[in-house]
Amino acid sequence: MKRILSLTLGCLLFCALTASALANEWGLRGGVYDIVADNKRFDGYTAIADDGNTKLSSGIHVNQAILENRYHALLVCAARYDRVWEANAMVTTAVYQPGDKRGAYPANPTLEHLDGNCFRLSYGQEEAYIFQWDEEAYVLVEARYDISSGNSDSFIMDERGLSFWQANPGDAFLPVGDALWPTTITLEEFNIAQMPRTLAEMRCLNMTAVALMEAEALSATDLWSPVQGEGMLPVYSAPDQSSFRAANDKASVSLQDEVTIYGTVDGWTLIGYEVSPRTSRIGYVHRELGGEPLALGSFPLRAAVNTFLTDDPFVSQYPQVNIPTGATLTGLAQCGEYYAYVAYEAEGLQYRGFVPMKDLMPVYDRALATGSDRLTADVRWDVMDALCGKWCDAFGSWEDRLVLYTSGSFVQWQDGAVRDVGNYRVYDGENGTFSLYMATEDNQEAVYTLTLNVDGTITLTDERGNTPYRRMEYSSLGNG
């Protein structure tokens with residue numbers, strides 16, 4: 001997956017001088033106190049979770065805490081080096097914000113140290129995330145969400161990969177496959193609100209990412225130092241002075257502020273900058289401040305559910321405009337692990353901003369990579385769910401097998417070795433059959449008539465004849 005240099009509070013906050021106190025206004029119990037004690041940015045915050053100080057096997061002392069005020073919450077990870085406490089991470093997106101409307105569940109967060117240089121972030125008994133310190137950063141190693149209920153919005157992520165609960169058929173967790181989720185998600189990349197919680201959301205995220213692959217990922221390329229001049233520059237959503245302008249049409253940036261540069265287009269520069277300690281903004285100024293020309297795509301997308309567009313994907317994620325189900329958008333690039341950078345028009349105003357990829361769907365299914373466009377809405381995902389697992393030619397060797405994932409990817413084995421990998425889709429066919437389209441990574445295409453037999457076998461038919469397959473294993477990680 002493509003990544004981005006995120007604009008987080010961690011790159012804007014500095015460490016305070018070492019201080020100590022037995023009691024403090026935040027209610028902190030560990031070294032995080034030294035990080036916030038002399039920093040006025042944290043006035044008005046309260047610690048709602050704190051795991052205290054712990055000594056890791058490396059000898060380093062660490063402490064995690066969640067600070068919250070009326071509008072904002074963030075996770076602070078601190079470590080003591082040479083007797084001075086420093087912040088390893090200050091992340092807003094790793095915790096739920098006070099404005100989240102989630103009812104009574106989940107409960108208030110808790111933080112807990114675990115063996116193996118790990119800590120657990122939990123929201124009640126049914127939602128937990130484990131992060132492990134890996135030399136330079138905390139990495140997500142396990143996640144569990146609502147798994148005891150067996151609802152369709154339940155998932156597990158562990159060393160085997162990411163799996164979602166499917167009640168039928170099979171009553172089993174169905175693996176999505178390593179290729180569909182980054183093998184390493186750091187704490188600063190993790191977004192608790194935008195992590196897909198259903199197989200449908202995971203599919204949307206994956207298909208949207210595939211659709212945007214032809215464009216370069218939107219990423220920071222330069223840092224504009226302060227004191228570039230005097231005065232203010234107006235900031236617009238798109239490189240057009242008639243486009244939406246946030247802050248009641250007053251969004252501006254000081255020429256003496258430090259900003260992140262993403263690129264230029266026709267005399268405009270796309271920048272990111274801090275608005276307040278709890279808000280940032282990414283938008284355009286009508287001046288070239290440096291950086292390379294933006295390499296944006298133009299891919300048709302539509303909203304799979306009611307969603308939103310934000311100009312602040314890495315801090316507040318505040319919605320600038322709501323987007324209804326079925327609305328059409330233009331995908332410009334992928335931004336980080338969770339957001340698509342899009343163009344959108346509503347009530348005569350142009351917007352450019354960031355929409356959760358799990359809420360979008362390509363107008364055309366580019367995951368097949370066959371050069372032909374098919375409407376995504378026609379896909380029979382229910383049949384693909386039923387096909388999940390390992391299949392073997394009924395008259396062939398066990399070493400010749402076809403592994404199908406619910407996500408729409410496959411692996412073809414022959415003589416005990418991988419022959420092909422690629423994507424597949426199932427569509428309605430004729431007379432109770434289905435059409436199975438398969439495309440390999442090198443764009444080799446195959447089309448079969450798929451028949452689901454009453455004895456649990458399947459038959460694939462092409463111009464060469466019929467091939468029956470029997471199921472070797474229902475749910476498979478596809479590792480042979």
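This section reports on the structure supplied with the text.

The rules behind each value
- Residues numbered from 1 in each chain as written.
- Predicted model: local features only at pLDDT ≥ 70, side-chain atom pairs only at ≥ 80, totals over all residues.
- Heavy atoms only, no water.
- Helix = DSSP H or I, 4+ residues; strand = E, 2+ residues; numbered from the N terminus.
- Areas by Shrake-Rupley, 256 points an atom, 1.4 Å probe, with all protein chains shown as cover.
- Pairing = 2+ DSSP bridges.
- Axes fitted to C-alpha atoms, helices over the stretch in contact; angles between N-to-C directions.
- Core = buried A, V, L, I, M, F, W, Y, C linked by side-chain atoms within 4.5 Å.
- Buried < 20%, exposed > 50% of the residue type's maximum accessible area, 1.4 Å probe, protein only.
- Contact = heavy atoms within 4.5 Å.
- Polar contact = N/O pair within 3.5 Å; in protein donor to acceptor, adjacent residues only side chain to side chain.
- 1 Å grid on protein atoms, 1.4 Å probe; cavity = no way out; pocket = protein on both sides within 12 Å on 5 of 7 lines; lining within 4 Å.
- Points joined across faces, edges and corners; volume = space filled by probe spheres on them.
- Nonpolar A, V, L, I, M, F, W, Y, C, P; charged D, E, K, R; others polar.
- Salt bridge = Lys/Arg side-chain N within 4 Å of Asp/Glu carboxyl O.

1. Notes on the overall build of the protein chain
Move 1: Each helix and strand counted, the protein chain has four helices and 33 strands in total.
Move 2: For the protein chain, the computed accessible surface area is about 21,700 Å², with 45% contributed by carbon and sulfur atoms.

2. Points about the sheet that holds strand S29 (residues 417-428)
Move 1: If you trace the eight strands once around the closed barrel, you get S26-S27-S28-S29-S30-S31-S32-S33, paired in antiparallel fashion. Within this sheet the neighbouring strands show an average axis-to-axis angle of 35 degrees, counted without direction.
Move 2: Strand direction decides the pairing type here: strand S28 (residues 409-414) and S29, joined by six bridges, are antiparallel. When the bridges of S29 are listed, Trp 413 appears paired with Val 418.

3. Focus on the sheet that holds strand S16 (residues 259-265)
Move 1: With antiparallel pairing, four strands are arranged side by side in an open sheet as S13-S16-S17-S18. One side of each edge strand has no neighbouring strand; the edge strands of this open sheet are strand S13 (222-224) and strand S18 (279-285). On average, each strand axis in the sheet is tilted by 35 degrees relative to the strand beside it, whichever way the strands run.
Move 2: Of the strand pairs in this sheet, S16 and strand S17 (residues 268-276) are connected by five bridges, and their pairing is antiparallel. Across the sheet, the residue bridging to Ile 261 is Ile 271, located in S17.

4. With respect to the nonpolar core
Move 1: Counting residues in hydrophobic clusters, the biggest one holds 87 residues, and the most contacted among them are Leu 75, Tyr 129, Leu 187, Phe 190, Met 195, Leu 218 and Tyr 344.
Move 2: By residue number, the principal contributor to this core is strand S23 (residues 339-346), which donates six residues.
Move 3: Beyond its immediate sequence surroundings of up to four residues, Leu 187 is in contact with Leu 75, Cys 77, Ala 89, Val 91, Ala 94, Phe 119, Phe 131 and Tyr 138.
Move 4: Judged by nonpolar contacts, the second largest core, of 25 residues, contains Trp 391, Leu 402, Tyr 424 and Leu 450.

5. Structural notes on unusual backbone geometry
Move 1: The phi dihedral of Asp 82 falls on the positive side, at around 50 degrees, and the residue is not glycine.
Move 2: Topologically, Asp 82 is positioned in the loop between strand S4 (73-81) and strand S5 (84-91).

6. Examining the side chain of Arg 425
Move 1: Looking at the element boundaries, Arg 425 is found in strand S29.
Move 2: Here Asp 365 takes part through its side chain, which lies 2.6 Å from a polar atom of the side chain of Arg 425.
Move 3: In contact with Arg 425, other than residues within four places in its own chain, are Met 207, Asp 365, Ala 367, Leu 368, Val 379, Trp 381, Met 384, Ser 407, Gly 408, Ser 435, Leu 436 and Tyr 437.

7. Observations regarding empty space enclosed by the protein
Move 1: Taken as a whole and judged by the stated rule, the model has four cavities of 30 Å³ or more.
Move 2: Its boundaries defined by the atoms lining it, the second largest cavity holds a volume of some 80 Å³.
Move 3: Along its surface, the second largest cavity is lined by 15 residues, and Tyr 236, Ser 237, Phe 244, Ala 246 and Asp 311 are the ones closest to its centre.
Move 4: Residue assignment for the lining of the second largest cavity shows that the elements contributing at least two residues are S18 and strand S24 (349-356).
Move 5: Per-element tally for the lining of the second largest cavity: the top contributor is S18, with three residues.
Move 6: Within the lining of the second largest cavity, the residues separate by chemical class into eight nonpolar, three polar and four charged.

8. Things to note about the pattern of salt bridges
Side-chain pairs of opposite charge can arise where the charged atoms are in close proximity.
Move 1: The final tally for this structure, using the stated rule, is twelve salt bridges.
Move 2: A salt bridge links Arg 197 to Glu 127; its shortest N-O distance comes to 2.8 Å. Within this pair, whereas Arg 197 is found in the loop between strand S12 (172-175) and helix H2 (199-211), its partner Glu 127 is found in strand S8 (residues 127-134), the two being separated by 70 residues in sequence.
Move 3: Accessibility expressed as a relative area gives 10% for Arg 197, which makes it buried.
Move 4: Among the ionic pairs, Arg 144 bridges to Glu 142, the shortest N-O distance being 2.9 Å.

9. A short note on the side chain of Asn 69
Move 1: Here Asn 69 shows up in the loop between strand S3 (61-68) and S4.
Move 2: In terms of polar contacts, Asn 69 uses its side chain to reach the backbone amide nitrogen of Tyr 71, at 2.9 Å.
Move 3: Within the structure, Asn 69 has its side chain in polar contact with the backbone nitrogen of His 72 (distance 2.7 Å).
Move 4: Dropping the residues within four chain positions of it, Asn 69 is found in contact with Gly 44, Tyr 45 and Pro 98.

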